[in-house]
Amino acid sequence: MITLKNVVLRRSAKVLLDGATVTLNPGEKVGLVGRNGAGKSTLFALFNGSLHEDGGDFSMPRQWRLAQVAQNMPETDESATDFVVGGDTRLLELRQKLAAVEAAYEDNPDDAEIGMELAHAYTDLADAGEHDAVPRAQALILGLGFRVAELDSPVNSFSGGWRMRLQLARALMCPSDLLLLDEPTNHLDLDALVWLEAWLQKYAGTMIVISHDREFLDAVTDVTLHIANAQLTRYGGNYSKFEDMRALQMEQQQAAFARQQDKIAHLQKFIDRFKAKASKAKQAQSRVKALERMEKVAPLLAEAEFSFEFKEPGHIPNPMLSITGASFGYTQEEAPPKTILTGVNRSVQGGQRIGILGANGQGKSTLVKTIAREMGALAGTVTEGKGLNIGYFAQQELDVLHPQSNPLEHMVRLARELGAAARESTSEQSLRGFLGSFNFSGDMVKQPVGTMSGGEKARLVLAMMVWQRPNLLLLDEPTNHLDLATREALAVALNEFEGTLMLVSHDRALLRSVCDEFWLVGRGEVKDFDGDLDDYQRYLLDEARRQREEARLAGQAPAADAPAPATAPSAPDLIAQSDQPARASAVSGSKSGANPQEQRKQDAQQRQQLAGRLKPVKAELDKAEKRMAALNAEKTGLEARLATPLEPAEIAEAGRRLKAVGDELNTLEERWLELSGQIEALSA
Ligand SMILES: Nc1ncnc2c1ncn2[C@@H]1O[C@H](COP(=O)(O)OP(=O)(O)OP(=O)(O)O)[C@@H](O)[C@H]1O
Ligand SMILES: [Mg+2]
């Protein structure tokens, strides 16, 4: 049980909790919600012991094992799989212990006690899940959207967002009683999000998750903890229930407040009238006391509303941009460039509002980054209209901010760089005023950005972008970190924006409300998407089906349901999980792409060729699977044998064999994955 009694929590001069009292029970799934900067992440710091209460009492069972997502960007050559296995801290401890006992046994092979210890070390390790640690880790990695071929890639080779996914997998790998997740969905796309929901629904411990995503919270929580006005309030329900209950409570509180105000006015009138009259002085005095004793109902603080607008762009070139015969991708050292998109022929007109769709990893960000001049085209031309002024927002690059500088210094720097071009006043006073309109007021304009909350940083990046008066907005996942009210404000501002907009977002509500045409990035191309978001969900379903079909033809199992976190999936399930269809199950029917007949014919031919090349790989895969089954059977036998009374020498021997079997299994599993990777690559 976690209890807070009258807890006071501060960050510098800010009081984030002031006498908060709440209890969370074991096994509860709690959503922690509140505005940007309300103190949610700070409360996590209290839970994980990196911060102490400034007053009151906080307690949590001492023996609870805690799992949380590390916030730093991992920098290591370790493979993705090893990195995630490393999240299981208990396993690592037991491995070290075994190594120590093994060394002792080498020195004293006849010592019965050490023999016993050795056997225990083996069984402890087995109990901790040593035998299936690798497949468990890989199930997590694949579930979060990585490809089989990436399982052994070094962590360093992944981009920021993907490395943060590995951090998430590592936290899920750790057996825990309390799981703390701070905005876990920020770096996920729809597929991975759905997978995570399924995983969390099966998590057995106590979970506290911070999120601004209503659908996600509804799917995984049953208790809501609301932080506002330095108080914590517990609601017994998911996010939607919380909203209902809170609305009702606010209504009641408003009514109670009004009634109390009437009563206060009445008492006060009595006091004022009679305090000078000796005969009534006593009654007046008792009313003064009553007034003092009265527990005041707080007036409803209307949630500080927030809105902003984009300035009218001065000049809008037309066309804004034209792309001819272009290929986009990445140049690599000592290797040919990696082409992601080819044959791109597009032009962007003034006033267009384009939503950029496409499954994860298909090249949406590559397209956006190239247009934003972050990288060059590999071939072809990108011609910009005269006076094009791009406002680029990339959520992963909140590190465009300087942690040591404060918001005002950021604005001053920006003004110095482009003051004249943006045609804005650059006096400190006007910059302060501008920041104020983005809710950075008072001391906050001087607070180092490094100490600000995620949402506050995102809001600052947004403010800096608005200040530049862009005529083309390029927004790549702009809503991550933003609370619901700020998202709302962004949607309103985007709707009123007079320039051109290109938006990548997994926030369907935002796409729907601000875009009126869509581009689809997929299969190496950029095309118009002829339809709306419902059609797009259908498209995703079809894509998922197509991928499953290919996997099936390559001899793999059909997609299974979402994986169970506690049990290790058998090897073929690993593939199936990465083929989870998107959360579009409510949509039925199908709508295929262009030229369905021709497409089907080509597909059939390709499948035939593919089958030929796949045959030998599949044969080896089958063989590996058979051997793995035999080894697993032997392992079960050995474990059973170890559970019976034996001589120390027999125990050690069985333990040793168990280890050998485990090692061979590991090697085979690796080979199995390699082969699966080949099959995947061939099928791609
Ligand atoms: N070291 C610090 N010095 C001064 N202020 C701080 C410090 N650390 C945090 N704060 C402030 O405390 C407040 C709470 O921060 P916290 O990160 O807990 O918010 P949050 O509720 O997690 O917000 P978000 O939804 O944006 O993540 C913020 O206004 C932040 O600017
Ligand atoms: Mg936070």
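No experiment lies behind these values; they were computed from the predicted model shown. Chains are numbered independently. Their residues run from 1 in the order of the written sequence. Each chain gets a letter, beginning with A, and each ligand a number, beginning with 1, in the order they are written. The model is predicted, so local features are restricted to residues of pLDDT at least 70 and side-chain atom pairs to those at 80 or more, both for listing and for counting; the totals for chains, interfaces and linings are taken over all residues. Side-chain numbers come from the whole structure's heavy atoms, not from hydrogens or water.

J.: Could you give an account of the site of ligand 1, with specific residues and numbers?
T.: The rule for a residue being near a molecule or strand is that one of its heavy atoms must lie within 4 Å of it. As a matter of local geometry, ligand 1 sits amid 21 residues, with K40, T42, S453, G455 and E456 nearest to it. Between ligand 1 and A38 there is a distance of 3.3 Å, counted from an oxygen atom to a backbone nitrogen or oxygen. G39 is positioned with one of its backbone polar atoms (N or O) 2.8 Å from an oxygen atom of ligand 1. Computed by Shrake-Rupley with a 1.4 Å probe, the accessible areas treat only the displayed protein chains as cover when residues are assessed. Surface burial for ligand 1 is 89%, taken as the share of its 640 Å² of free accessible area covered by protein chains. Of all elements in the fold, only β2 (14-24), α1 (40-47) and α14 (454-467) reach the threshold of two or more residues within the shell around ligand 1. When residues are sorted by character, Ala, Val, Leu, Ile, Met, Phe, Trp, Tyr, Cys and Pro go into the nonpolar class, Asp, Glu, Lys and Arg into the charged class, and all the rest, Gly among them, into the polar class. When its residues are assigned to classes, the shell around ligand 1 shows 3 nonpolar, 12 polar and 6 charged. The start and end points of each domain follow an automatic or database-based domain assignment. Split by domain, the residues of the shell around ligand 1 number at least three in each of domain 1 (1-65 + 176-267) and domain 2 (321-532). Any pair of N or O atoms that falls within 3.5 Å is considered a polar contact. Within protein, one atom must be able to donate a hydrogen and the other to accept it, and sequence-neighbouring residues count only if both atoms are side-chain atoms. Helix and strand assignments come from DSSP, with helices taken as H or I runs of at least 4 residues and strands as E runs of at least 2, each series counted from the N terminus.

J.: Residue-level account of the pattern of salt bridges, with values.
T.: Note on definitions: salt bridges are taken to be side-chain nitrogens of Lys or Arg within 4 Å of carboxyl oxygens of Asp or Glu. Evaluation of the coordinates by the stated rule reveals 17 salt bridges. Put simply, D132 and R136 hold a salt bridge, and the shortest N to O gap is 3.1 Å. Judged by relative accessible area, R136 falls into the buried class, the value being 15%. Relative accessibility under 20% of the residue-type maximum defines a buried residue, over 50% an exposed one, and the middle range a partly exposed one, all with a 1.4 Å probe and only protein chains included.

J.: Give a detailed account of the pairing of strand β3 (residues 29-33), specifying residues and quantitative values.
T.: The two faces of a sheet get side chains in turn, since along a regular strand they alternate between them. Counting buried positions along β3 yields 5 of 5 residues, so the element is predominantly enclosed. By the alternation rule, side chains of β3 split into K29, G31 and V33 and V30 and L32, which are all buried. Whether two strands pair depends on DSSP finding at least two bridges between them. When β3 meets strand β7 (residues 206-210), the two strands line up parallel, connected through 4 bridges. Considered in β7, the bridge of K29 is made with M207.

J.: Account for unusual backbone geometry, naming residues and giving values.
T.: The phi torsion of most residues other than glycine is negative, and most of the peptide bonds are trans. Looking along the chain, the bond that leaves N318 and enters P319 is cis, with omega of -5 degrees. The residue P319 is located in the loop between α10 (281-293) and β10 (321-332) in this model. The backbone phi angle of N6 is positive, close to 50 degrees, even though this residue is not glycine. Assignment of secondary structure puts N6 in strand β1 (residues 2-11). A positive phi angle, close to 65 degrees, is found at N439, a residue other than glycine. With respect to the helices and strands, the residue N439 is situated in the loop between α13 (428-436) and α14.

J.: Could you give an account of the packing of helix α5 (residues 133-143) against helix α6 (residues 160-173), naming the residues involved and the relevant values?
T.: Axis lines are fitted through C-alpha atoms, for helices just across the contact stretch, and the angle between N-to-C directions can take any value from 0 to 180 degrees. Relative to each other, α5 and α6 sit at 135 degrees, their axes nearing to 9 Å. Overall, the two elements α5 and α6 adopt an arrangement that is oblique. Every pair of crossing elements has a handedness; the one defined by α5 and α6 is right-handed. Residues A133, R136, A137, L140 and I141 of α5 lie in contact with α6, whose contacting residues are L166, A169, L172 and M173. Classifying every residue of the contact of α5 with α6 gives 8 nonpolar, no polar and 1 charged. Every angle not falling under 35 degrees, over 145, or within 65 to 115 is termed oblique; those three ranges are roughly parallel, roughly antiparallel and roughly perpendicular. Left-handed describes a crossing whose near helix is turned anticlockwise from the far helix by less than a right angle; the clockwise case is right-handed. Any two residues having at least one pair of non-hydrogen atoms within 4.5 Å are treated as being in contact.

J.: Pulling in residues and values, what's your account of the sheet that holds strand β4 (residues 55-59)?
T.: Spatial ordering of the open sheet is given by β2-β1-β4, a layout of 3 strands whose pairing is antiparallel. Edge positions in the sheet fall to β2 and β4, since each of these pairs with one other strand and no more. Adjacent strand axes in the sheet meet at a mean angle of 30 degrees when their direction is disregarded. Summarising the sheet, β1 and β2 pair through 8 bridges and their orientation is antiparallel. Opposite T3, over in β2, you have T23 as the bridge partner.

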